[in-house]
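# Descriptive analysis of the structure
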Amino acid sequence: MKPIKRIILFLSLAAIAACTHQPESKNYSYIDLAKFEDGIHHWNLYSRIRSTDRIDTTDIIGIADNLLAYQNEDGGWPKNIDWLTLVPRDSVINDLSEHYRQSTFDNRNIFPQIEYLSAVYGQSGDDKYRAAAEKGFQYILNTEYPTGGWRGWDADVITFNDDVMTGIMDLLLDVKTNDPSYDWLQPDMRTRLLAAYERGLQVILKCQVEINGVKTAWCQQHDFDSYAPVQGRAYEHPSVTARESCDIILFLMRIEQPDSAVVAAIESSVAWLEAAKITGYRYGNFPIEERPYHETTIDFDREFVPDSEARPVWARYYNLEKGEPFLSLRDGTIVYDLKDISFDRRVGYEWYGFWPEAVLKAYPEWEKRQ
């Protein structure tokens, strides 16, 4: 056989062998992306980068690799990223200020990445995803305060806003209840995470607000030492808040065989929700002509108007003196009418809502289990 023919034959056989021995592509199962929605929403509102090129939501390996690319050295992640974007990572990071490149739990961040990467490791068996999830867990341990609890972005306080505390605690409760997604955790890491969980639970119980000797619910932010309600941003006054309290109550309801302190916290906070509901008013969106809103547009406004047929609604904030609902301008000025709030803040912040409905629906079943 002539040399040239031998070369052609060799290359042909090599090509066939390569095709024959290619590993079969695995059929991975979809992993829920709901917990990333808040960060992606903020990306769409504020990012100067505009691109429709995104990873398919079923491509869990592509999404996980994106999460690895954005993970900081400390084990956390910057907030407000579209984790499915195909824009090069360096372009995204270079568009951020140094401050916004830092890791933070703000806007429901870090615990969703840990959960997702752990789920991808469970399906793929690739150690790089386990290692990244482990770094994320270490970030949680490193950022816990000595007195227990975690802070958000805006103030150095125990933060329930944006699910900072409850998001972390839900994840740690999954570890405690032996969720198979975390079977890979080493005993020492698991022990430290469970200790952090116990400290966090005590923080939650200590933060429950009392008014005139009666336990109510929780504020968005609490002091790390006294556990008292404190100011967050200028418009986040010391108060009792229905929105964040509902997330706390739902977390507490997940605890199996709760002790008497947890049971009392749930019962008293549910009683407060019942007492705090507002009847005779309707809250919701109404259509308007499309207008600019940050980097996008919006076609609705919100109203809070009398309506005897409307379902009960709750305010975001109730004062600590009489438990009365109130609102606040961005500069901290307290007002009592949604019409006094600027359009940007009416549609960009949840001043009223129906969050307690989920709690009140779950409560009877929880009672039966006790």
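Residues numbered from 1 in each chain as written. Predicted model: local features only at pLDDT ≥ 70, side-chain atom pairs only at ≥ 80, totals over all residues. Heavy atoms only, no water.

## A short note on the overall build of the chain
Defined as follows: Helix and strand labels come from DSSP, where a helix needs a run of H or I of at least four residues and a strand needs a run of E of at least two; each type is numbered from the N terminus. We call two residues in contact whenever any of their non-hydrogen atoms come within 4.5 Å of each other. Note on areas: these come from Shrake-Rupley sampling with a 1.4 Å probe, and a residue is covered only by the protein chains present in the view. In summary, the charge assignment counts Lys and Arg as positive and Asp and Glu as negative, without counting His or the chain termini. Just so you know, the charge point we use is NZ for Lys, CZ for Arg, CG for Asp and CD for Glu.
Helix and strand counts for the chain come out as 12 helices and 12 strands. By principal-axis analysis of the C-alpha atoms, the chain measures approximately 100 × 55 × 40 Å. Residue pairs in contact within the chain that sit at least 24 positions apart in sequence constitute 68% of those at least 6 positions apart. Summing over all exposed atoms, the chain offers an accessible surface of approximately 18500 Å²; the carbon and sulfur share of this is 51%. Both charge centroids of the chain, one from 39 positive and one from 58 negative side chains, sit 5 Å from each other.

## So, the pattern of salt bridges
Formally: Put simply, a salt bridge is a Lys or Arg side-chain nitrogen that is within 4 Å of an Asp or Glu carboxyl oxygen.
Applying the stated criterion across every chain yields a total of 30 salt bridges. Salt bridges sharing common partners tie together Asp-38, Arg-108, Asp-162 and Asp-163.

## Things to note about the packing of helix H9 (residues 242–253) against helix H10 (residues 260–276)
Note the threshold: Orientation is described by axes fitted as lines to C-alpha atoms, over the contacting stretch for helices, and by angles from 0 to 180 degrees between their N-to-C directions. For any helix crossing, the convention is left-handed if the near helix is rotated counterclockwise from the far helix by under a right angle, and right-handed if that rotation is clockwise.
Relative orientation of the contacting elements H9 and H10 amounts to 145°, with a least axis distance of 10 Å. Here H9 runs over H10; the crossing is left-handed. Side by side, H9 and H10 meet where Ala-242, Cys-246, Ile-249, Leu-252 and Met-253 of the first sit next to Val-262, Ala-265, Ile-266, Ser-269, Val-270, Trp-272 and Leu-273 of the second.

## A look at the sheet that holds strand E9 (residues 317–318)
Where we set the bar: What makes two strands pair is DSSP finding at least two bridges between them.
A sheet is described by the order of its strands in space; here 4 strands give the open sequence E5-E9-E10-E11, paired in antiparallel fashion. At either margin of the open sheet sits one strand with a lone partner, and together these are strand E5 (240–241) and strand E11 (334–335). For E5 and E9, the ladder comprises 2 bridges, and the chain directions are antiparallel. Of the residues in E9, the one forming a bridge with Thr-241 is Tyr-317.

## Quick notes on the side chain of Glu-115
Inclusion rule: Here the term buried applies to any residue with accessible area under 20% of the maximum for its type, exposed to any over 50%, and partly exposed to those in between, with areas from a 1.4 Å probe on protein chains only.
Structurally, Glu-115 is set in helix H5 (residues 111–124). The class for Glu-115 is buried, based on a relative accessible area of 16%.

## A short note on unusual backbone geometry
Of note in this structure, Ile-110 is not a glycine but carries a positive phi near 80°. Here Ile-110 shows up in the loop between helix H4 (89–94) and H5. Look at Gln-257: it is not a glycine, yet its phi comes out positive at around 50°. Looking at where Gln-257 falls in the secondary structure, it is placed in the loop between H9 and H10. On the basis of relative accessibility, which here comes to 79%, the residue Gln-257 falls in the exposed class.

## So, empty space enclosed by the protein
Selection criterion: For each structure, a 1 Å grid was placed over the protein atoms alone; sets of points admitting a 1.4 Å probe that cannot get out are labelled cavities, open sets with protein on both sides within 12 Å along at least five of seven lines are labelled pockets, and lining residues have an atom within 4 Å of a point. Grid points are joined across faces, edges and corners, and a volume is the space filled by probe spheres set on the points. Classification convention: Asp, Glu, Lys, Arg as charged; Ala, Val, Leu, Ile, Met, Phe, Trp, Tyr, Cys, Pro as nonpolar; all other residues, Gly among them, as polar.
This structure, assessed with the given rule, holds 2 cavities of 30 Å³ or more. Taken as a whole, the largest cavity encloses approximately 80 Å³ of empty space. The calculated volume of the second largest cavity comes to roughly 40 Å³. Within the lining of the second largest cavity, the residues separate by chemical class into 3 nonpolar, 5 polar and 2 charged.

## Observations regarding helix H2 (residues 37–46)
Of the residues making up H2, those classed as buried are Asp-38, Gly-39, Ile-40, His-42, Trp-43 and Leu-45. Structurally, H2 contributes buried residues whose contacts are with H4, strand E6 (281–293) and strand E7 (296–306).

## Examining helix H12 (residues 356–369)
So the rule is basically this: Given a helix with a known number of residues, its expected span is that number minus one, times 1.5 Å. Fitting one axis to the seven residues ending at a residue and another to the seven starting there, the bend at that residue is the angle between the two axes.
For H12, which comprises 14 residues, the first-to-last C-alpha distance of 20 Å matches the rise-based estimate of 20 Å (1.5 Å per residue) to within 8%. For H12, the principal kink sits at Tyr-363 and spans about 35°; a proline, Pro-364, occurs within the next four residues. Along H12, the residues that are buried comprise Pro-356, Val-359, Tyr-363 and Trp-366. Residues of H12 that are buried sit in contact with H9, H10 and strand E8 (314–315).

## What to know about the layout of surface pockets
By volume, the largest pocket amounts to about 1100 Å³. When contributions to the lining of the largest pocket are tallied by element, the ones reaching two or more residues are H2, H9, E7 and helix H11 (343–348). If you tally residues by element for the lining of the largest pocket, the top one is H2, at 6 residues.

## Focus on the pairing of E6
Examined bridge by bridge, E6 and E7 share 10 bridges and lie antiparallel to one another. Its bridge partner being in E7, Pro-292 is matched across the sheet by Thr-297.

## Side note on the packing of H10 against H12
Note the cut-off: Oblique is the label for any angle not under 35 degrees, not over 145, and not in the 65 to 115 range, which are roughly parallel, roughly antiparallel and roughly perpendicular in turn.
At a closest axis distance of 11 Å, the pairing of H10 and H12 adopts a crossing angle of 135°. Classified by the interaxial angle, the pair formed by H10 and H12 is oblique. Seen from above, H10 lies across H12 with left-handed handedness. Residues Val-263, Ile-266, Glu-267, Val-270, Leu-273 and Glu-274 of H10 form the contact with H12, whose participating residues are Pro-356, Val-359, Leu-360, Tyr-363 and Trp-366. By residue class, the composition of the contact of H10 with H12 is 9 nonpolar, no polar and 2 charged.

## Brief notes about the side chain of Ser-239
The condition is simple: A 3.5 Å cut-off defines polar contacts: any pair of N or O atoms within that distance qualifies, except that in protein one atom must be a possible hydrogen donor and the other a possible acceptor, and neighbouring residues in sequence count only when both atoms are side-chain atoms.
Position of Ser-239 among the secondary structure elements: in the loop between strand E4 (221–222) and E5. A distance of 3.0 Å separates the side chain of Ser-239 from the backbone oxygen of His-237, its partner in a polar contact. Leaving out residues up to four positions away in the same chain, Ser-239 has contacts with Trp-218, Cys-219, Pro-229, Tyr-317, Tyr-318, Leu-320 and Phe-326.

None of this, on its own, says anything about what the molecule does.
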